[in-house]
Amino acid sequence: MAALSVPIPMTPRVFYSNIALPQNKVKLAQIAKKYYKEIKQAETLTNVPGALILSIIFTESAGNPSVVSYVGAAGLMQLKPQTANDVIYLEKKAGRLTPGEIAVIRKYLGNRINGPLNQSFLTHKIKENNYTGNSVTQADMLNAEFNILMGAMYLGILIDQHHEVGGLRLDKALLRYARGYFFKPAAGNVEQVLDQVKGKSTEAYSYVIKILGKNGLLETQALV
Amino acid sequence: MNKILIGAAALAVLLAYSKKGKQDMDDTNPAITPVQKRERTITFYKA
């Protein structure tokens, strides 16, 4: 499989002003230093770039491993327990769970890993309030190593679902990370997709520009 | 006998409907493969 090359910035749209750039650079470096081991491990196990994982952590939690949102998304990469549960299920279903990933998951879930492994359909199919939390819990999501691996695996699924004719559509993958697995981005090029989402969710619109836009977090990491 | 057959048929329909309701919503998303994950190499370049 050929390498997937992504242009940075992916859109000329700007979220961060020039004034914010030095501050963002410092904060990114602080998070990268604090979670270097966990990010590197997730990158190695999933083949999702560490720079992208770091950008999500910055955007979602600013590096705070204890933050819990009002909808129950928790930890560094702000995943709901249900989502982590479904990530394990989806990867198992596709035959993509690796021994290295299983070892990390088992370290935190123990035998509860059998919950998602033995699932026969997505928990999101069930109404969320019926989720009993007997597999992945919110407390699990507050462990940095588990959280970052789950976030990277989730991103990997979304990335693989958006290889399109013109290349990898990271904009669509990130929109779905922000808005949920079942969100359907519009058809069209990056600008058309952003125009469509702008009218629906300012938060999701900003999310993509923060990471992929001009002065965005990937550009700030000087990887280009 | 007829009542039993009708009852069995109704049960079969009910079970089929119930199973359909539990189908994966993921069926609407593109399939993902182990090769995609194993060989995933993403690079960034200056636009």
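Note: the structure precedes this text.
Parameters at a glance
Residues numbered from 1 in each chain as written. Chains lettered and ligands numbered in written order. Predicted model: local features only at pLDDT ≥ 70, side-chain atom pairs only at ≥ 80, totals over all residues. Heavy atoms only, no water. Helix = DSSP H or I, 4+ residues; strand = E, 2+ residues; numbered from the N terminus. Buried < 20%, exposed > 50% of the residue type's maximum accessible area, 1.4 Å probe, protein only. Areas by Shrake-Rupley, 256 points an atom, 1.4 Å probe, with all protein chains shown as cover. 1 Å grid on protein atoms, 1.4 Å probe; cavity = no way out; pocket = protein on both sides within 12 Å on 5 of 7 lines; lining within 4 Å. Points joined across faces, edges and corners; volume = space filled by probe spheres on them. Axes fitted to C-alpha atoms, helices over the stretch in contact; angles between N-to-C directions. Parallel < 35°, antiparallel > 145°, perpendicular 65-115°, else oblique. Left-handed = near helix turned anticlockwise from the far one by under 90°. Contact = heavy atoms within 4.5 Å. Nonpolar A, V, L, I, M, F, W, Y, C, P; charged D, E, K, R; others polar. Expected span 1.5 Å × (residues − 1). Pairing = 2+ DSSP bridges.

### Observations concerning the overall build of chain B
Looking only at helices and strands, chain B features two helices and one strand. Element order for chain B, N to C, with α for helix and β for strand: α-α-β. Of all 47 residues assigned to chain B, the portion counted as buried reaches 19%. For chain B, the accessible area works out to roughly 3800 Å², and carbon and sulfur atoms hold 68% of it.

### Quick word on the layout of surface pockets
Residue and element names in this part refer to chain A. There is about 790 Å³ of room inside the largest pocket. Surrounding the largest pocket, 29 residues form its lining, Val-71, Ala-73, Tyr-177, Ala-178 and Arg-179 being those nearest its centre. Looking at the lining of the largest pocket, the elements that each hand over two or more residues are helix H3 (50-61), helix H4 (81-93), helix H9 (170-179) and helix H11 (202-212). Top contributing element to the lining of the largest pocket by residue count: H11, with five residues.

### Overview of the packing of H3 of chain A against helix H8 (residues 144-160) of chain A
All names here are of chain A. Axis separation between H3 and H8 bottoms out at 11 Å; the angle between their running directions is 115°. By the criterion of interaxial angle, the relationship of H3 to H8 is roughly perpendicular. The interaxial crossing formed by H3 with H8 has right-handed handedness. Contacts between H3 and H8 pair Leu-52, Ile-53, Ile-56 and Ile-57 from the former with Ile-148, Ala-152, Leu-155 and Ile-159 from the latter. Considering only residue class, the contact of H3 with H8 consists of eight nonpolar, no polar and no charged.

### Quick notes on H3 of chain A
Residue and element names in this part refer to chain A. A rise of 1.5 Å per residue sets the reference length of H3, with its twelve residues, at 16 Å; its end C-alpha atoms lie 16 Å apart and thus fit the reference within 8%. Most of H3 is tucked away: eleven of the twelve residues are buried. Residues Gly-50, Ala-51, Leu-52, Ile-53, Leu-54, Ser-55, Ile-56, Ile-57, Phe-58, Thr-59 and Ser-61 constitute the buried set of H3. Where H3 is buried, its residues touch helix H1 (20-34), helix H2 (36-46), H8, H9, H11 and helix H12 (217-220). Looking one or two residues beyond H3, the residue adopting positive phi is Ala-62, at roughly 55°.

### Observations concerning the pairing of strand E2 (residues 11-14) of chain A
Residues and elements named next belong to chain A. Alternating residues of E2 divide into Thr-11 and Arg-13, all buried, and Pro-12 and Val-14, none buried. As defined by bridge partners, E2 adjoins strand E5 (residues 213-214) across two bridges and the pair is classed as parallel. Looking at E5, one finds that Thr-11 is bridged to Gly-213.

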